[in-house]
Amino acid sequence: MDIKQKLRNLIGKQDSLTSPVEETISTELLVGEPAVAKFKPEQPSNPHEQEEIIETIEDIYYKDETVDTSQYELEKLPEVLNLGDIDGDRVRLRKQLQAVSKKVSELILQNHPAYAAELQRVMELERCLHAASVVCASGRREVLRGKEIFTTASLGLLANYRKRHQLFGLLKSLHTIKTLQRTDLRLRELMEEEDYCGAIQLCLECQKAASTFRHYKCISELNSKLQDTLEMIEEQLDVALSKTCSGFDVVHYNKVQKAYHLLGKTQTAMDQLHMHFASAIHNTAFIIVLGYVELCSGDTQTNFQKRQYLDLCKNLTMDSFIPCLIDLCKALWEVMRSYYKTIQWHETNDEDVDPGKPGGSDESDVEITFNRRYVMQKLEYGRGRIWQDVQQKVKTYILGTDLSEFKLDEFIRVLDIVGRMIEIGEQFCGSKSEGLQDSLKQQSLNYFKNHHRARLDELRVFVENEGWELCPVKSSFNILQLMEFRFMKNWQSGQATEVKSQGIQGNQESIENKNGGYFMEYLDEGNPFDIQPDEEEKEDVFAGTGEKEDGYDDSDSDSDIPDELKQEYIDELADTHTHRQIKRRISRNRSRGQKQAPIVTNTTLNVLRVMGKYLKMMTVLRPISFDVITCLAQLFDFYLFTIFSFFGGEGANIDKSLNNRLRITLYRIYDNMIAPPPNPGAVPGETEDLRDKICPAVISPCVNLDDVKGLYGLPERIVAVESLVFLSEQLEFLQPFLESMIPVNKKAFLQQFYTQTVKIAVELRRPVYKHVSLRSVDYDSILQQMNTVKWDIKDIMSQHNSYVDTLLKNFINFNNKLLEIEGRVPIPKVVKDVLWEHCIRLANRVFVEGYSNAKKCSNEGRALMQLDFQQFLIKVDQIIDIKPIPEREFVETYIKAYYLPESQLESWIQDHKEYSSKQLLALVNTVDHLNRKARQKLSGIIEDIDKTRR
């Protein structure tokens, strides 16, 4: 490494020395011939060889001058130096240097003529510069001479003129400053006149003028004052903007918007407007509720103004709740209507302002378009915010009071008001008002928890005090005539079409839909909460209250029967044929008038009214519709079970001989609704299972079901059952409406309710009227007379037995009593058919039972049995209108079985299990053509059948 450093130093010293070639070139060479021509290389070489040497030069030597070639050559030396290699490198580099120098010299010689021409041009430029300096010196001399020619007097005259001009400008400025000092009074006058645009224009012009004269010291204070005045104008403008929230005025709002446009704060004005609307909603609600709280509060020392809005809502009394709610909704409606008018104003104003009009710059058009888009987006977004604030105030108000103690009419009134507010919200911004719906649902469920239980208890009190007398209504009566169903009139007229998904609203909704909603109808005046409820209308459903009705009324009068018919009825009471004619003529006489009025009771009307209120609640609040229908179904269930327990069974006991569907329905109602009687000695208390159940009703003592003259309470039974059937028919009429009100996943419950309960009501006729048919005819005496008849006769008889006449006489008496009762209470044909069907069925069973009591019976005796039964069929056909006679095969088959051979008798016994074991054994024992073994066999089969029955 030391040797490398020494070589580096040596090379450095050689670089600093003049190269041999450079020493041979002197300054004399630059004169005359080119210097290169005077320089003669020591060793001339071949040109091709010279080119080859240049090509061997490495690329690094052609880079910029910052490359240290010495360092590069030294770094190429190996660690162990060889003098011969070093000397070879030196010779190579020397040849390369000579080749390059020669090449450069040749290039210089080639460009020497151009160099000489350029040098000639430089010399010419030097001569031109010398001439220019001579011209400049001459000009300076002439300028000095002109200065001496102009006099000082002329320049002074010009200076005085300029000063005069400046003084005139100063005087004008002083007049302007004086005017600026007096603008404050004018600004105040404009603000009092509500000329906001004029005030702002004047203030802005003054500010512009003050900015022009800001170099005067007196202007700085005035400029500050004008700024304060402008801020005061903005404050008053903000107050004017807030006034539009409670009562929108087009002229006033137009002034305010123009003023903000002059200020260039259109977007700020819109932001402020939404803040004012939010404040107006809060302040309006607070002031209205505060006024009612202070009015109803007896303690005048309490400072309610410091209370929160929620606390004020909790201090309202029940009497003031609805009036306060109406006033609150009215005030909030005014705020929403003002916002709606604000949107309309901007829509109209934006149509009038066209950014594409000629005369406006592109920048101003873009700004106008941007501001308009911002304002409309802000207003559209603000719809939801405004309604959210309104909804929150109403929701807080609703939840602040316990509505469980309200009457049903009052509660429905609350739901109607809030429901109308929800409709307004949907028209306002398309919101479904989930928050308000939830609050209504919560209050409604709380209310129903107590109210429905009270209505069930009330229904129990009604039926316990019900005399089951006919309530006189018009023949055209239907449920839509009741006040509680007035809201469904539109649904009735459009019942043929599909019920709208929004549910059925009242008459007002059709008007609103026709005119475009509440905002179109009440845009300029009026208020949707000034509408009076339908309950204030009078209803006309009772007979005798309006025009003359030909329907049946609740009276003992039979004035509609001609006198000759009455006389026939009295004189020929014993003649069956004549009585039948009387019955037909009475029926024909009544049919000439209008249709028969429905059979209803006061309790049924009360149940219908409660149901109507329940349905009204459903239309107002759809989310609880299923709960309301459940409660409605419970009303009908309890009413049905109570009528059965009063007239169809022994208290709450359910007879197993009932129709299977009816028995299942009654068991279901009993298990779900009816509380069992308390155990003797049990501690009284309400368990969780019995909390939702109701005690069974007890029939009124004034209802006598043992009165023979009244056919054991037949009028009361008819009124009770047919009134229930009428109620079920009305529910079937309402089924499409109920289906439209509940969710799809809940319709199975409604269908089950109709199939298992409503349609079962008509089947209650059979067990109720069976008691009348059973007790009105003395079947036991008939059976005793049959037991005295001898059936083992040897001769064929041509005369029937007397018990048949006795039975027919009982039927005639029963028919006469029916005619007598029909003079007081209408008996529908279906009721008569059920009564006579029971009588015939019971008579047939008496026939079979009497025939089975025969110890001995001959073929002639069987013929007499057939004769008696045929005589009964012939005569009974003249009394009743039922075709065919029910269960006649029951008797005929039993009589004919006596003639069956042993092989067929066994299969007959197995196929006819409708007969009792006693009746089958009697048949087997009285058949003559059976031997003892066959009788034992058949008796065994009958015993097996009897075991399966058990």
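The rules behind these values
Residues numbered from 1 in each chain as written. Predicted model: local features only at pLDDT ≥ 70, side-chain atom pairs only at ≥ 80, totals over all residues. Heavy atoms only, no water. Helix = DSSP H or I, 4+ residues; strand = E, 2+ residues; numbered from the N terminus. Buried < 20%, exposed > 50% of the residue type's maximum accessible area, 1.4 Å probe, protein only. Contact = heavy atoms within 4.5 Å. Areas by Shrake-Rupley, 256 points an atom, 1.4 Å probe, with all protein chains shown as cover. Polar contact = N/O pair within 3.5 Å; in protein donor to acceptor, adjacent residues only side chain to side chain. Phe/Tyr/Trp six-rings, centres within 6.5 Å; stacked < 30°, edge-to-face > 60°. Lys NZ or Arg CZ within 6 Å of the ring centre and 35° of its normal. Axes fitted to C-alpha atoms, helices over the stretch in contact; angles between N-to-C directions. Parallel < 35°, antiparallel > 145°, perpendicular 65-115°, else oblique. Left-handed = near helix turned anticlockwise from the far one by under 90°. Salt bridge = Lys/Arg side-chain N within 4 Å of Asp/Glu carboxyl O. Patch = residues over 30% accessible without salt bridge, like charges linked within 9 Å, V, L, I, M, F, W, Y side chains within 5 Å. Nonpolar A, V, L, I, M, F, W, Y, C, P; charged D, E, K, R; others polar. pLDDT = per-residue confidence, 0-100.

Lay out the overall build of the protein chain in plain terms, naming residues and giving numbers.
A count of helical and extended segments in the protein chain gives 37 helices and zero strands. Sorting the 950 residues of the protein chain into buried and exposed places 42% on the buried side. Contacts in the protein chain between residues far apart in sequence, at least 24 positions, make up 78% of those at least 6 positions apart. Per element, the accessible surface of the protein chain, about 53600 Å² overall, is 52% carbon and sulfur.

Give a detailed account of the side chain of histidine 912, specifying residues and quantitative values.
By the element assignment, histidine 912 lies in the loop between α35 (902-911) and α36 (917-926). The exposure class of histidine 912 is buried, given its relative accessible area of 18%. Separated by 2.9 Å, the side chain of histidine 912 and the backbone oxygen of tryptophan 908 make a polar contact. Excluding residues within four positions of it along the chain, histidine 912 makes contact with Thr893 and Leu920.

Go over the packing of aromatic side chains with me, naming the residues and quoting the values.
Here the structure, examined in full by the defined rule, presents 35 aromatic pairs. Between phenylalanine 811 and tryptophan 836, the ring centres sit 5.6 Å apart and the planes meet at 75°, which makes this aromatic pair edge-to-face. Here phenylalanine 811 is found in helix α31 (residues 802-822), whereas its partner tryptophan 836 is found in helix α32 (residues 829-852), with 25 residues between them in sequence. Pair check on accessibility: phenylalanine 811 and tryptophan 836 agree, each one buried. Geometrically, the ring pair formed by tyrosine 898 and tyrosine 899 is edge-to-face, given 5.6 Å between the ring centres and 90° between the ring planes. What makes tyrosine 898 buried here is its relative accessible area of 2%. Accessibility expressed as a relative area gives 39% for tyrosine 899, which makes it partly exposed. Among the aromatic side chains, those forming a connected cluster through ring pairs are Trp791, Tyr803, Phe811, Phe814, Trp836, Phe847, Tyr851, Phe869 and Phe872. Stacked on the ring of tyrosine 309, the Lys or Arg lysine 393 has its end atom at 4.7 Å from the ring centre. It is arginine 845 that lies over the ring of phenylalanine 890; its NZ or CZ is 5.0 Å from the centre.

Describe the packing of helix α25 (residues 625-648) against helix α29 (residues 765-776), naming the residues involved and giving the relevant values.
In the contact formed by α25 and α29, the axes pass within 9 Å of each other and the chain directions differ by 15°. Between α25 and α29, the interaxial angle falls into the category roughly parallel. Crossing of α25 against α29: the hand is left-handed. Residues Phe644, Phe647 and Gly648 of α25 pack against Pro767, Val768 and His771 of α29.

Explain the pattern of salt bridges residue by residue, including any values.
Applying the stated criterion across every chain, the model contains 34 salt bridges. With a closest N to O distance of 3.0 Å, glutamate 426 and lysine 432 form a salt bridge. A single salt-bridge network, built from bridges that share partners, covers Arg766, Glu837, Arg841, Arg845 and Glu887.

Any chance you could break down a nonpolar patch on the surface for me, citing the residues and the numbers?
Nonpolar side chains collect at one region of the surface, where Val100, Val104 and Ile108 lie side by side and expose about 220 Å² of accessible area between them. Take isoleucine 108: it is sitting in helix α6 (residues 83-110).

Lay out the environment of threonine 603 in plain terms, naming residues and giving numbers.
Locating threonine 603 in the fold gives a position in helix α24 (residues 602-620). C-alpha of threonine 603 to C-alpha of leucine 459: the two residues are 144 residues apart in sequence and 7.5 Å apart in space. Residue contacts for threonine 603: discarding those within four places in its chain leaves Leu459, Phe462, Val463, Glu466 and Tyr639.

Tell me what's going on with the packing of helix α27 (residues 714-741) against helix α28 (residues 747-756), and back it up with residues and numbers.
Running from N to C, α27 and α28 point in directions that differ by 175°, and their axes come no closer than 11 Å. On the basis of their axis angle, the class for α27 and α28 is roughly antiparallel. Taken together, the residues of α28 that come into contact with α27 (itself represented by Leu731, Glu732, Leu734, Gln735, Leu738 and Glu739) are Lys747, Leu750, Gln751, Phe753 and Tyr754. For the contact of α27 with α28, the per-class residue count stands at six nonpolar, two polar and three charged.

Explain the confidence of the model for the protein chain to me, and be specific about the residues and the numbers.
The share of residues in the protein chain with pLDDT of 70 or more is 76%, and the mean pLDDT across the chain is 77. In the predicted structure, residues 588-594 sits below a pLDDT of 50 and forms 10 contacts with residues beyond four places in sequence or in another chain.

Give a description of unusual backbone geometry that names residues and reports values.
Following lysine 883, the chain continues into proline 884 via a peptide bond in cis, with omega recorded as -10°. Residue position: proline 884 is located in the loop between α33 (859-877) and α34 (888-896). The phi dihedral of serine 433 is positive, around 55°, even though this residue is not glycine. Position of serine 433 relative to the elements: it lies in the loop between α17 (408-429) and α18 (434-465). Take serine 433: its relative accessible area is 0%, and that puts it in the buried class. In this model, tryptophan 468 sits at a positive phi of 55°, which is unusual for a non-glycine residue. Its place among the elements puts tryptophan 468 in the loop between α18 and α19 (489-493). Among the residues examined, tryptophan 468 registers a relative accessible area of 1% and is labelled buried.

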